[in-house]
Structure formats: structure tokens, C-alpha cells
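Overview (structure and organization)
Letter by letter, the chains look like this.
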Amino acid sequence: MRRHLDITLSPADRASVLLGQMTVPEKAQQLVGVLPHSLQGSERLEAALGLGIGHISGMNMMVGGPAELAQANNEFQRFLVERTRLGIPAIVHSEALNGLLGKGFTSFPTAIGLAATWNPELVTDMADIIRRQARSIGITQALSPVLDVARDPRWGRVHETYGEEVLLVTAMSVAYVSGIQGTDLADGVLATAKHFLGYAATEAGQNLAATHLGPRELYDVHATPFEAAIRLAKLQSVMNSYSEIDGEPVATSRAYLTEWLRDRLGFTGTLVSDYRTTQFLVDRQHVARTAEEAGALTLAAGLDVELPGAYAYGATLATAVEAGRIDAALLDRSVLRVLEQKFALGLFERPIVDEDPIVLATIAAEGAELSATLAEQSITLIRNDGVLPLDLQTQQRIAVVGPHAASTMSGFANYTYPASLEMLRGLATGRARLAGMEGVLGDMPPAMQRAAAERMEAMSAIDLDEVSRSEYGAIGFGEALAALNADWAVETVAGFDVVDHDQAATAEAIEAAKGADVIVVALGGRSGAFAGRMTEGEGTDAADIDLPQHQRDLVKALAVLGKPIVGVLFGGRPYGLAEIDPLCAAILVAYYPGPAGAEAVARVLAGLVSPSGKLPFTLPRATGQTPIYQAAKTGSGYRREAADNFQAYSDLPASPLYSFGHGLSYTRFEYGAVTVTDSVAMDGVIAVAFDVTNVGDASGAEVAQIYASTTATGLTRPWQQLVAFARVELAAGERARVSVDVDVAQLGFSGRDGRFVVEPGSVTFRVGASSEDIRTTAIVDLTGELTDVSGRRSFLPEVTVSRTP
């Protein structure tokens, strides 16, 4: 028995034993991945996997259901275990942002919609389902979640994030990581937090552009969700940002990848590259002349694994190490990290999974009810002049028009299966420009490449609306509304595109609206992984955040009719609504709500569900305000004192159209006076408590938000920061007591000397229904001396909600 197979040893000890048996080329192969499409046939398997492999990359790129994916994984793992010298299994990874990306697996609302629920407990439940589904087919690493703090709506990937506010991003991130990794990695899936560091704060909102942030904001804002996931949820993997900071690409920065991530934040797992990072150092950023030089820079910086395939690592790295040009100790360090995780995942004991198609399909279908619940909880009512809810007891003529009136794709963002089909055919035809995946077919032999291209090109005939309908049971929004009440005369006008103007469809929509009592306009964006007919997504950034002009023109033409207009906005980033906002009697934000989104929106419109979502971002009035966010520094953004000589733009107020945390309900909530601990020492806990009462006539859920304002000697601080929240569900007339314990260390910040400190002085706590709708305030005095709290950072408060008579 080889000693590394002794299960009584720790994963670290087993990894050390195995490392001692490996050659340099075998070690180097553990630091690279391989795309599955290049593993067709025994000769290809031998060529790609003969020395072993670290990762099978992007299993979501294989078109097939759960059984097919399990069979493919088993084929790869059997080869590795049975036909390589050391029998080391591979880590198999996939995207899992909105659910496990693949045919047949449950899809959930996109991340920004999850953030709008303000319900981290359900996010943990969702991630736990994804974990079971992934392990069932042999996937052991998820390239999710996205921990970037997104404050610029021009950036196309806002929908992949949990929004703009540090605490909300942190709470959701910890929830996801906890659920997908589970309590024991032997049954868990490695979470991959991305993109370290500052990736959402790039110049001009452009994907992959430079990040211009100082160390204080980088640590206090952008690194905080990563550190929380590391310390509270034992995060196992991190992916680098493509961007540069102060002229140095993050991928080559030892300061950020080692001194910050490992030494300061406490990370001990594997650091994997975003796809083609090392190649971009040569071809895009021009900081390395050769693949070997790129690999030397990234390995020294602390980047362990190169994805999706070998460019600077693998054989190139092995040659450099054997020639003495790269330190062998750096290679061994990273290989140990990979091997330890493989042992912790139980891959050596269970490399093969069950291929029973019935069992796998049953597991893959889990979570549909949860997806529907999350969709309902995410929907955010930002305006209501009394037209909602629609009366189910009254016969009404309802016109449903706009680009999302009939489409079943409205709920599906990038990194869902239907959207991935469009991405694949774009990659095959050259229309797609997904960062890191250009030329995805290029590793195949010519004959196989031609055949694959033909299959992908054949996808152009696929009706994606039909795919989302047949695979997920998704229905159109107008269809969902009509199904609620047979007495409603619902006329749905299809054919209106998100991006392209169709004069005939516009005319048909106006004609239908003339005979309606209520007009519902389904507006918004389209998310995908390439530029062109998308309004957001990876590689699709916007210089103008407004809705496309023809959508705005449609609303203006409908407003002339004098009928009440209900706007329903599908989209994953803040869109400019200032032009249409005063023309609508009500506006709902639906995000990309998943396959049950149409029914969820319809149920909210009809009053079967009271809306309870809250905006996870700030809605600007115009592009020129961006980036705009509620935690702006005092004296900056729209956070101005009366004495400030800037109060507004010359052509626009400085304030947002709708503030962070805003969201209306069909009932009313009253807040009692907040009580706080009057005086607290620097090592103490601040107790905050208040009542929330449903004083309306309907059941509903309120998200109570607690903000804190502090000042610091010699440093500006955010005007206020979210420090706690509580989702409170109450029947009409019910009251609940919200009790929050905030560790003083949670109020820390990077001081003038770089230490993470808390300063004595007064702290103002503001409690309310949004960042601007503050209902009650109180002041706490922090007593003592300036205190370094680096060693005891607190990230999340303790929150308790209890019913009261």
C-alpha cells in the first residue's frame, strides 16, 4: 500500500508523501487544467493526461445532461487513476453562479437578484443544493461566487455580484461559500471567490481595465468580503482579477496575492487564474515577453493553478524548473496546495460517481421551489402611485407589451444554460468575445475542430425561448399574468426586441394598449457573454446606462394614451430610468429572476405576494453621476454638508433617482424608537434594538436596515455604512423585536498608519426602510484609546428577530 493512500494521515501529510514521489513534469501538470473538448479519443487522452492533470476545466462547456456529464467525468478519472503512473484524480470545475451550469440542472435568480432578497439563509440553502448536484456528477470546484463590490453600473458584470454595499456583499458571500463547501470537504465543493482584487472598480467601467484605488479603499471595501469568506466560511479557492493596480497586473503582484491575500487575510487554499490570465500578460498587457516569463512572474506572486489550459505552466514550467530558471521550491509549494485539496475532497477514495440517469436527473431537478421563492422575494417595487396590486376581483383589459412581454428568456442571465448555448455558437462563429475563451476550438485536431464548429453552428437554428420552456418550464410574462385570472383580458404583443427597433411591433403595442385599462410594459436588458445584441454581461460594458432609446420611446408613446402604465424592468445592473419614471404609475425591478420569474412577477402584480425586495444598488438619474453609491465619503458624491459649495450638477440633482435599500410593499411598516448601549469600550459590543410593526392590512416582509456613521481624526469616512439588516416577515397587525449585537471591531477602518483601528468618539446609528428612509436614530459613545483591531476583525453582526405581543 502506497503511504499517500493511508486515510489515517491528514490531507497535508498525504500530499507531502505523494509530492516526494513525483517528477518535475508530473508536478507541473498538477498546476494546469485541460478543456474537455480536447480529450476526445484515447490518443488525445494519453497526450493530455499521460502525466496527470490538475483540473478538468469548464465542464459546463460540454453539451449534455447530468448522465452524460457524469459519464465524461468518469472516463477522464478512470484514465487518470488507472493509466497514469501515480493515479492522481483531477479536480473538475464548472460555473455555478445561478445554479450549476449545464443542461438539466435547476437555475436560480442571478446573484444581484439574490442580493435583492436580503436573505442569506436562502442563499445558503441554494448553494447546498448546488453542492449536492455538482458532487453527483463529479464536479468538485465551482468558479463562484463573485465577491466584487460593484458600484459602477457601466460595468457589464454587475448582475454577477451582490451589489454595492460591503456588508450585504459579505453576508451573501459567506452564505454561498458555507453552503457549497458544506461542513466537510469530503462531500463539499471548493468555492472560488472572484475576482481578487478591485475588479469591479475598473477605469470607466470597462471590463479588464486598470483599477485606480488606494490601499485603504482596497482593503476596507473590496478585500472585506474575501477576508470574511476566508475567516468565517474557510474559503478554499480564490481567482485573480485580470486588472492592474498601480501599474502592476494583480496576477503578477506578490504584494496582493501573497502579502495581502495569504499573510494579511489568512487565506490557505489554492489561487487559480482567471481563464488565459498568463497569456494576457504577454498578448494584452505586455508585461512579459514569453510564456515562461509570464509563468515565472505569476508563480512567484503566488498564483498556483493556470486555467483553463497550459500556456505558462505545465511543460513550459517544468522545463524552466529543470533548467534552474525557476525555483523548484515555488513549484512544490503550489503542488502541495493542489494535492492537499484533492485529498480533502476524497477524490482518491471516490473518483468515480454513479451514472444512473434517473438518480442523477432527480438530483439535478432539486431546488425548483426554492428558485421560485427566491424570485418572489427578489422582486422590488420602487414606485407605486396606487395602481398596484391589480384587482383580481375586477374584470380588466391588460395590455402586456415590450421586449420581455412574451420571451421565456427574460429570467436567464449569463452563466445559465440557455445563455451558454448562445455563447457557444458565438464562440464557434467568431461573434463571441468572451474574455479568455477566444479560439476555444483551437486545441482540437483540424477534423475534430471542423466537426465541432459545424455542430455549434447548427445551434443557430435552436429557439432559445423553446429551450427555456422545455428544459425549465419557463413561460412568458404575459402568459403568466393571463393564467392568474380567466376574467382578465390579457393581450400580449410579442416581437419587440431588447436592442433592435421594430416599427411594426411598436405600432402593434400601441394599438393593443388603446383598448386596455392597464398597460404593463416589460422593459430591460439582455445579459450574455459577448458584445452585440446584449446590453450587459462579460465583455458588454455601457458608456450610456439608459434603457435603449426605442424602449424609452415606446413608454413615451404609451403615456400619450392616458392609461396607467406599470413598468417591469428585467436587468442585472442599474438602468437609467429618469426619462420614463414620471410616466409610469408603478415600476417593479425583477432582475434576472430565473425560470419561475414570469410567474413570480405576475403574482406580485396581482397582490398574491407582497413585494419585499430591496435595491442592492443605487439607481442613478443619469450616466454622468456614475459611479454613485450610498456609502460615499462625507463631502463627496451626494453626501454633502450644507456649507459645501457643491450641492448639485448644473443640469441635474446630485441625489440618486432611487436609493440603495429602497423597496416598497403593499402593506405599511412602523418602526419603534431604537435603543442602544449608551457607552461601550473598544473591546465591547453595541446592543441595538427596535420594534417593527405591520400596521397595514396585508401580510408582508420588511427588510429593516441599520446604518452607522463615524468620524476619524485626519481621515474622511463614509457618510454612513450598512452594519446590519433583518428580514422581518409579519402578518397584518403583528410586531417583532429586532435585536442586533454589533462588535465594536466591525466599525474598524484602515488608520493613518495603515493599521486597522477603531477610534473613540460618537457613533450615530440610523434605522429605517432604506439608506434614505431613516425612521429612528441613536448615538453611542465609544470610550478608550485608539485601538488596533486587526487581529479580531468582526464582519457580521448577531441578529435576532422575535415576535412580541
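To be clear, the structure that these remarks concern was listed above.
Now for a quick tour of the structure.

Considerations on the nonpolar core
- Membership of the largest hydrophobic core comes to 211 residues, with the highest contact counts inside it found for L49, I56, I686, F690, F765 and L782.
- When residues of this core are assigned to their parent elements, the largest contribution, eleven residues, is made by helix α7 (residues 166-181).
- Ignoring sequence-local partners within four residues, the contact set of F690 consists of Y671, G672, A673, V674, A704, I706, A736, R737, V738 and V767.

Comments concerning the packing of helix α4 (residues 66-83) against helix α15 (residues 357-364)
- For the pair α4 and α15, interaxial distance at closest approach is 8 Å and the crossing angle is 115°. The orientation of α4 relative to α15 falls into the category roughly perpendicular. Where α4 crosses over α15, the two elements pack in a sense that is right-handed. From α4, P66, A67 and A70 reach across to α15, where they touch P357, L360 and A364.
- In terms of residue class, the contact of α4 with α15 is built from six nonpolar, no polar and no charged.

Topic: the sheet that holds strand β13 (residues 518-524)
- With mixed pairing, six strands are arranged side by side in an open sheet as β10-β15-β14-β13-β11-β12. Unpaired on one side and paired on the other, β10 (380-384) and β12 (489-492) mark the two borders of the sheet. On average, each strand axis in the sheet is tilted by 15° relative to the strand beside it, whichever way the strands run.
- Strand direction decides the pairing type here: β10 and strand β15 (residues 586-589), joined by four bridges, are antiparallel. Paired with N384 across the two strands is A586, which belongs to β15.

With respect to the layout of surface pockets
- One number sums up the size of the largest pocket: a volume of about 620 Å³.
- Considering the residues around the largest pocket, the lining is formed by 25 residues, among which P120, E121, L796, P797 and V799 are closest to the centre.
- Looking at the lining of the largest pocket, the elements that each hand over two or more residues are α6 (120-136), α7, β21 (721-730), β22 (735-743) and β28 (798-804).
- At five residues, α7 tops the list of elements feeding residues into the lining of the largest pocket.

Topic: empty space enclosed by the protein
- Here the structure, examined in full by the defined rule, presents six cavities of 30 Å³ or more.
- Looking at the second largest cavity, its volume works out to about 70 Å³.
- In terms of lining residues, the second largest cavity is bounded by 15 residues, among which S407, S410, G411, I475 and A598 are the most central.
- The residue inventory of the lining of the second largest cavity, partitioned by class, reads eight nonpolar, seven polar and no charged.

Side note on the pattern of salt bridges
- A full pass over the atoms with the stated rule returns 41 salt bridges.
- R231 is the partner of E227 in a salt bridge, and the nearest nitrogen-oxygen pair spans 2.9 Å. Linking E227 with R231, this pair stays in helix α9 (residues 224-233), spanning four residues, or about one helical turn.
- Through salt bridges that share partners, D546, R552, D553, K556 and E579 make up one connected network.

Examining α7
- Spanning 16 residues, α7 covers 22 Å between terminal C-alpha atoms, matching the ideal 22 Å at 1.5 Å per step.
- Downstream of α7 by a residue or two, G182 has a phi angle that is positive, lying close to 70°.

Topic: the environment of I628
- Mapped onto the secondary structure, I628 falls in the loop between α23 (597-605) and β16 (669-671).
- For I628, a relative accessible area of 7% gives the class buried.
- Linking I628 and F660, residues 32 residues apart in sequence, is a C-alpha distance of 10.0 Å.
- When neighbours within four sequence positions are excluded, I628 is seen to be in contact with R151, E164, T618, P620, Y638, A654, S655 and P656.

Description of the side chain of R793
- By the element assignment, R793 lies in the loop between β27 (787-788) and β28.
- Assessed through its relative accessible area of 14%, R793 is described here as buried.
- A polar contact of 3.1 Å, which involves the side chain of R793, links it to the side chain of T224.
- Among the polar contacts made by the side chain of R793, one reaches the side chain of E227 at a distance of 3.2 Å.
- Contacts of R793, omitting those with residues within four sequence positions, involve Y219, T224, E227 and F756.

Quick word on unusual backbone geometry
- Cis peptide bonds are those with omega within 30 degrees of zero, and the linkage from F196 to L197 qualifies with 20°.
- Among the secondary structure elements, L197 is positioned in the loop between β5 (190-196) and α8 (215-222).
- In this structure, K234 takes a positive phi of about 55° despite not being glycine.
- Take K234: it is sitting in the loop between α9 and β6 (237-240).

What counts and how
- Residues numbered from 1 in each chain as written.
- Predicted model: local features only at pLDDT ≥ 70, side-chain atom pairs only at ≥ 80, totals over all residues.
- Heavy atoms only, no water.
- Core = buried A, V, L, I, M, F, W, Y, C linked by side-chain atoms within 4.5 Å.
- Buried < 20%, exposed > 50% of the residue type's maximum accessible area, 1.4 Å probe, protein only.
- Helix = DSSP H or I, 4+ residues; strand = E, 2+ residues; numbered from the N terminus.
- Contact = heavy atoms within 4.5 Å.
- Axes fitted to C-alpha atoms, helices over the stretch in contact; angles between N-to-C directions.
- Parallel < 35°, antiparallel > 145°, perpendicular 65-115°, else oblique.
- Left-handed = near helix turned anticlockwise from the far one by under 90°.
- Nonpolar A, V, L, I, M, F, W, Y, C, P; charged D, E, K, R; others polar.
- Pairing = 2+ DSSP bridges.
- 1 Å grid on protein atoms, 1.4 Å probe; cavity = no way out; pocket = protein on both sides within 12 Å on 5 of 7 lines; lining within 4 Å.
- Points joined across faces, edges and corners; volume = space filled by probe spheres on them.
- Salt bridge = Lys/Arg side-chain N within 4 Å of Asp/Glu carboxyl O.
- Expected span 1.5 Å × (residues − 1).
- Polar contact = N/O pair within 3.5 Å; in protein donor to acceptor, adjacent residues only side chain to side chain.

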